[in-house]
Amino acid sequence: MASSSLSSILVLVMLSMVVFASAGNFYQDFDITWGDGRGKILNNGKLLTLSLDKASGSGFQSKKEYLFGKIDMQLKLVPGNSAGTVTAYYLSSQGPTHDEIDFEFLGNLSGDPYILHTNVFSQGKGNREQQFYLWFDPTADFHTYSILWIPQRIIFSVDGTPIREFKNSESIGVPYPKNQPMRIYSSLWNADDWATRGGLVKTDWSKAPFTATYRSFNANACIWSSGSSSCSKNSNNSWLYQEMDSTSQEKLKWVQKNYMIYNYCTDRKRFPQGLPPECTA
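For every chain, the first residue of its written sequence is number 1, and the numbers climb from 1 along that sequence. The predicted nature of this model means local features are confined to residues of pLDDT at least 70 and side-chain atom pairs, given and counted, to a pLDDT of 80 or more, with totals for whole chains, interfaces and linings taken over all residues. Hydrogens and water are ignored here; the side-chain numbers use all heavy atoms of the structure.

Attention now goes to the pattern of salt bridges. One side chain can pair with another of opposite charge once the charged atoms of both are near each other. In what follows, salt bridge is the name for a side-chain nitrogen of Lys or Arg lying within 4 Å of a carboxyl oxygen of Asp or Glu. Taken as a whole and assessed by the stated rule, the structure comprises ten salt bridges. Measuring nitrogen to oxygen at the nearest pair gives 2.8 Å for the salt bridge that ties Asp112 to Arg197. Here Arg197 lies in the loop between β13 (183–190) and β14 (210–225) and Asp112 lies in the loop between β7 (100–106) and β8 (115–121), a separation of 85 residues in the sequence. A salt bridge links Glu165 to Arg153, with the shortest nitrogen-to-oxygen separation between them at 2.8 Å. Here the residue Glu165 occupies a position in strand β12 (residues 161–167), and Arg153 occupies one in strand β11 (residues 153–158), the gap between them amounting to twelve residues. Exposure categories follow from relative accessible area, calculated using a 1.4 Å probe and restricted to protein chains: below 20% of the type maximum is buried, above 50% is exposed, and the middle band is partly exposed. The exposure class assigned to Glu165 is partly exposed, which follows from its relative accessible area of 23%. With a relative accessible area of 13%, Arg153 lands in the buried category. Every helix listed is a DSSP run of H or I at least four residues long, and every strand listed is a run of E at least two residues long, numbered separately from the N terminus.

Right, dumping it as structure tokens:
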């Protein structure tokens, strides 16, 4: 009887270890890459903070590379007067023809809303910006910011609500990020030459240090290692084939109608020779 109870306890302990390992830990998943101590991993790997002062910002990157995935991270942004600061959270490969999928949070004066800036680069070409206000205060609590990157589409989501879809339009000659593995990066840095009202509002260093906080990282993703993917054709990766159902499409329309403040696909002054082909497909 005692040995049976002991066996049960050991099984429970082993199961709890498996669950903990799969839940994500900043020590296991990320390296703080710059900032001279301004980036910190806390609470036994459950929390990460980036700080910015007049001397430097800070940043981190994932230990692993991914080729497609659903990436979730909870962020609580710099509170108060965050004008001039940018908190960037993105996927990127390296080199002059790199691919990149961006969330950037542009700080603002106290009481004024953050701007959520999104962009997609493929083979080194970006210029696909869409910008949004958020329907909540992103500094008061944690919110989940997600990137679904699959061969057919990229979907940006906030708390499970899609805000942007970038479809694979290779059939009409638009490059799509699908061949270059990417790491996850995040940084907090000073961009007061452009970030807030086109650079008119500068960073108030008397409010430094500015701090952004991260938790609950999760990746359902194909890990790229030594030239091969962890996803096989036989593996059960339902997220790889995810499409937007009618409810998701309605939510996307709601966000774009009420909270989108810039869309490159409607900026005819910027593209006098004609809008990019993916905008009219």
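Residue placement: Thr49 occurs in strand β3 (residues 47–52). Thr49 sits in the buried class, given a relative accessible area of 11%. We call two residues contacting when some pair of their heavy atoms lies within 4.5 Å. Dropping the residues within four chain positions of it, Thr49 is found in contact with Arg38, Gly39, Lys40, Leu42, Thr211, Ala212 and Thr213.

Burial of strand β6 (residues 85–92) is extensive: eight of the eight residues sit out of reach of the surface. Residues Thr85, Thr87, Tyr89 and Leu91 point to one face of β6 and Val86, Ala88, Tyr90 and Ser92 to the other, with burial holding for every one of them. In this sheet, β13 lies alongside β6 in antiparallel orientation, the contact comprising eight bridges. In the sheet register, Val86 faces β13, and the bridge partner there is Trp189. In short, DSSP must find at least two bridges between two strands for them to pair. Of the strand pairs in this sheet, β6 and β7 are connected by seven bridges, and their pairing is antiparallel. Along β7, the bridge assignment pairs Val86 with Leu106.

Before going further, it helps to examine unusual backbone geometry. For the bond from Ala208 to Pro209, the omega torsion is 0 degrees, close enough to zero to count as cis. One can find Pro209 in the loop between β13 and β14. A positive phi angle, near 55 degrees, is found at Gln123, a position not held by glycine. Secondary-structure assignment places Gln123 in the loop between β8 and β9 (130–132). We note that Ser216 has phi near 55 degrees; this positive angle belongs to a residue other than glycine. Accessibility expressed as a relative area gives 42% for Ser216, which makes it partly exposed.

Under the pairing criterion, centres of Phe, Tyr and Trp rings, with the six-membered ring standing for Trp, must be within 6.5 Å; the plane angle then separates stacked pairs below 30 degrees from edge-to-face pairs above 60, leaving the rest tilted. Applying the stated rule across the entire model yields 18 aromatic pairs. Look at Phe30 and Phe60: their rings are 5.1 Å apart centre to centre, the planes differ by 80 degrees, and that puts the pair in the edge-to-face class. Of the two residues, Phe30 is situated in strand β1 (residues 30–34) and Phe60 in strand β4 (residues 58–62); the sequence distance between them amounts to 30 residues. The burial state of Phe30 is the same as that of Phe60; both residues are buried. Centre to centre, the rings of Phe105 and Tyr145 are 4.9 Å apart; their planes meet at 75 degrees, and the pair counts as edge-to-face. Of this pair, Phe105 sits in strand β7 while Tyr145 sits in strand β10 (residues 143–149), placing them 40 residues apart in sequence. Residue classification places Phe105 among the buried residues on the basis of a relative accessible area of 0%. By way of ring pairs, the aromatic residues Phe26, Phe30, Phe60, Tyr214 and Phe217 are connected into one cluster.

Here we take up the state of the cysteines. Disulfides are defined as pairs of cysteine sulfur atoms found within 2.5 Å of each other. All told, the structure shown has two disulfides when counted by the stated rule. Through a disulfide, Cys222 is tied to Cys231; the S-S separation comes to 2.1 Å. Across the S-S bond linking Cys222 and Cys231, the dihedral sits near -100 degrees, which makes this disulfide left-handed. For Cys231, a relative accessible area of 18% corresponds to the buried category. One disulfide bridge connects Cys265 with Cys279, the sulfur atoms lying 2.0 Å from each other.

It is worth stressing that arrangement in space is one thing and function is another; only the former is reported here.
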